[in-house]
Amino acid sequence: LRLLGVGVGPLPGWLAMRDFTPGGIVGAVRRGYDRYYNKYINVKKGGLGGISMVLAGYVVVSYIWSYSHLKHDRHRKYH
């Protein structure tokens, strides 16, 4: 049963059944990656959807990482 199919009431029981060991977390990440790859990248008639989502994610993360530097440069006077 996926998280989106769980209501608010049975949520604590659903979370208690999850495997939070390092191996379980790695397996969950791998399953998520496999689902993403098979849905957007490994298709017969593909488009730019999957690759553009990865590129947009990279742009957002790189902006977040350099935001403090950009904010500092914005307030600097160059004269």
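Residues numbered from 1 in each chain as written. Predicted model: local features only at pLDDT ≥ 70, side-chain atom pairs only at ≥ 80, totals over all residues. Heavy atoms only, no water.

The name that an unreviewed UniProt entry assigns to the protein is ATP synthase F(0) complex subunit f, mitochondrial, with the source organism given as Aptenodytes forsteri. UniProt, in the comment section headed Sequence similarities (unreviewed entry), describes the protein in these words: "Belongs to the ATPase F chain family." Regarding the protein, the UniProt comment filed under Subcellular location (unreviewed entry) reads as follows: "Mitochondrion inner membrane". (UniProt positions renumbered as here; feature names shortened; annotations may be inferred.)

Visitor: Would you explain the overall build of the protein in this entry?
Guide: When helices and strands are tallied, the protein shows four helices and zero strands. Reading the protein from its N end, one meets helices and strands in the order α-α-α-α. The buried share among the 79 residues of the protein stands at 5%. Here the protein has roughly 7,400 Å² of accessible surface; of this, 67% comes from carbon and sulfur atoms. (Helix = DSSP H or I, 4+ residues; strand = E, 2+ residues; numbered from the N terminus. Buried < 20%, exposed > 50% of the residue type's maximum accessible area, 1.4 Å probe, protein only. Areas by Shrake-Rupley, 256 points an atom, 1.4 Å probe, with all protein chains shown as cover.)

Visitor: Just to check I follow, could you spell out a nonpolar patch on the surface for this structure?
Guide: There is a patch of nonpolar side chains on the surface, built from Y33, Y37, Y40, I41, I51 and M53 and spanning about 560 Å² of accessible area. Secondary structure elements with two or more residues in the nonpolar patch: helix 2 (22-41) and helix 3 (49-65). Top element by residues in the nonpolar patch is helix 2. It accounts for four residues. Note that Y33 resides in helix 2. (Patch = residues over 30% accessible without salt bridge, like charges linked within 9 Å, V, L, I, M, F, W, Y side chains within 5 Å. Salt bridge = Lys/Arg side-chain N within 4 Å of Asp/Glu carboxyl O.)

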